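# Observations on chain architecture
In case you want the letters, here they are:
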Amino acid sequence: MILRTITLILVGGVAACASPARGVLAPVNTAASGAAKVDLLVATTRAPTSQKGVFFTGERGHDLNLANVVVSIPPNRNPGTIQWPRRLPGDPERNFVTTAVDTINVRDIRTWYRSHAVSARRVLIFVHGFNTRFEDAVFRFAQIVHDSRAEVTPVLFSWPSRGALLDYNYDRESTNFSRSELGYVIQQAVNSPDVSEITIMAHSMGSWPVMEALRDIAMQGRRISPKITDVILASPDLDIDVFRKQLIDIGQERPHISIFVSANDRALRLSRLISGQVTRVGGVDLTDASYKAQLKMASGITVYDLSALRNGDSLNHTQFATSPEVVRLFGERLLRGQSLSDADPNIPGNFGATAVEAGLAIGTVTGAALSAPIRIFESTVRR
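This structure is a prediction, so every number in the text was calculated from the model and none was measured.

Our next topic: the overall build of the protein. Helices and strands together make up the secondary structure of the protein, namely twelve helices and ten strands. Buried positions account for 57% of the 383 residues belonging to the protein. Excluding contacts between residues fewer than 6 apart, the proportion of contacts in the protein whose partners are at least 24 apart in sequence is 77%. Accessible surface for the protein amounts to roughly 15800 Å². Of this, 51% is attributable to carbon and sulfur atoms.

Below, the discussion takes up the pattern of salt bridges. Per the counting criterion, the structure on display carries 14 salt bridges. In this structure, R122 engages E197 in a salt bridge whose closest nitrogen and oxygen atoms are separated by 3.2 Å. Highlighted residues: R122 in strand β4 (residues 122–127) and E197 in strand β6 (residues 197–203), separated in sequence by 75 residues. Looking at R122, the relative accessible area reads 15%, which means it is buried. You can call E197 buried: its relative accessible area is 18%. R179 serves as the salt-bridge partner of E212, at 2.7 Å between the closest nitrogen and oxygen. In this pair, E212 sits in helix α5 (residues 207–219) while R179 sits in helix α4 (residues 168–191), placing the two residues 33 residues apart along the sequence. The exposure class assigned to E212 is buried, which follows from its relative accessible area of 6%.

A few words now on the packing of helix α2 (residues 109–116) against α4. Running from N to C, α2 and α4 cross one another at 55 degrees; their axes reach a closest spacing of 10 Å. For the element pair α2 / α4, the angle class is oblique. At the point where α2 passes α4, the crossing takes the right-handed sense. Of the residues in α4, those touching α2 at I109, R110 and Y113 are V185, Q188, A189 and N191. A class-by-class count of the residues in the contact of α2 with α4 yields four nonpolar, two polar and one charged.

What follows covers the nonpolar core. Membership of the largest hydrophobic core comes to 50 residues, with the highest contact counts inside it found for Y113, I186, I198, I200, L233, F243 and I259. Here I186 is in contact with I125, I198, I200, A213, I217 and I228, once residues within four sequence places are set aside. Membership of the second largest hydrophobic core comes to 33 residues, among which are V42, F56, F96 and L156.

Further remarks concern the packing of aromatic side chains. The relative placement of two aromatic rings is captured by the distance of their centres and the angle of their planes. Enumeration according to the criterion identifies seven aromatic pairs in this entry. Ring geometry for F126 versus F141: centroids 5.1 Å apart, planes at 20 degrees, classification stacked. Taken together, the positions of F126 in strand β4 and F141 in helix α3 (residues 134–148) put the pair 15 residues apart, joining distant regions of the chain. Neither F126 nor F141 differs from the other in exposure class; each is buried.

What counts, and at which threshold
- Residues numbered from 1 in each chain as written.
- Predicted model: local features only at pLDDT ≥ 70, side-chain atom pairs only at ≥ 80, totals over all residues.
- Heavy atoms only, no water.
- Helix = DSSP H or I, 4+ residues; strand = E, 2+ residues; numbered from the N terminus.
- Buried < 20%, exposed > 50% of the residue type's maximum accessible area, 1.4 Å probe, protein only.
- Contact = heavy atoms within 4.5 Å.
- Areas by Shrake-Rupley, 256 points an atom, 1.4 Å probe, with all protein chains shown as cover.
- Salt bridge = Lys/Arg side-chain N within 4 Å of Asp/Glu carboxyl O.
- Axes fitted to C-alpha atoms, helices over the stretch in contact; angles between N-to-C directions.
- Parallel < 35°, antiparallel > 145°, perpendicular 65-115°, else oblique.
- Left-handed = near helix turned anticlockwise from the far one by under 90°.
- Nonpolar A, V, L, I, M, F, W, Y, C, P; charged D, E, K, R; others polar.
- Core = buried A, V, L, I, M, F, W, Y, C linked by side-chain atoms within 4.5 Å.
- Phe/Tyr/Trp six-rings, centres within 6.5 Å; stacked < 30°, edge-to-face > 60°.

Below, the structure is given as structure tokens:
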């Protein structure tokens, strides 16, 4: 049974995660009419390479490297999707392509923030998950920023993932390898006078270095800056017992934490199988009273249960990026520091600690009907 489950997940994962061509990040010179552009700061602990259009591998580098990457997004596409080039160079009319990839000296990170500040001076730091090549991380984050329509300065932190399903343990150790550099990137944003508000968003295994970086900041005697208003954990591949301990170590003066979970997350089922059968935070079943009791003890946490959603990816693991409605929530509510339970007093349902039982439909929040309700659990005390 276990072997069959792993096989099904691996087959589904190959279909969901594979990108068609290598070298897709080689900048193109032509522009497409109606194409949108997303200008990213990339901070990475990956090893650099001279291979054309790749820039960084899945191996571990010796230093933190920075780059300014401009991604061109084609017109007339469906939100939540990435149009990969099938051959090189990519066609800006049809594909995601880059128009510039420029290295930046680490000492110049504040200069970049100054030149890329938006009117609200809001920064979004994104940390990708397991089985993610560098080009996957770049295009996925650009897609999220574009489709969410969020007014943010986008920063991608990319740790060394080999982008291979059988390298789970290598990837997991790479998150440990990278947590100090992530802490540095976070602190540089905090220290910038051109940044007034920071949201940190992590997917899957990327939730580990985020929680560890925040824990390190708190344990070193430096309070977590009030500039860091929100942490969003999408399908977090975190041991639920370790997560509870991390919260204790970080302390009560922490950002508000939003967690997207799904009891049907097939990727996290595999993670649970190879991690001592301990439930992963992103895979909790909120119909289980014991999990609700654990979450209720932690103040300032909102949990969004996506188990009933039927759109997005086949593994139910990247709905935060592939479900058009959920992506819009990031831009309309969460990236502005607002919970869905703050959204509209005219929406029926109990938004307090029992909102998870209400099975609240949020179609009126986003302006588009969802295929099924998102269920919400929110602790009563928020920062």
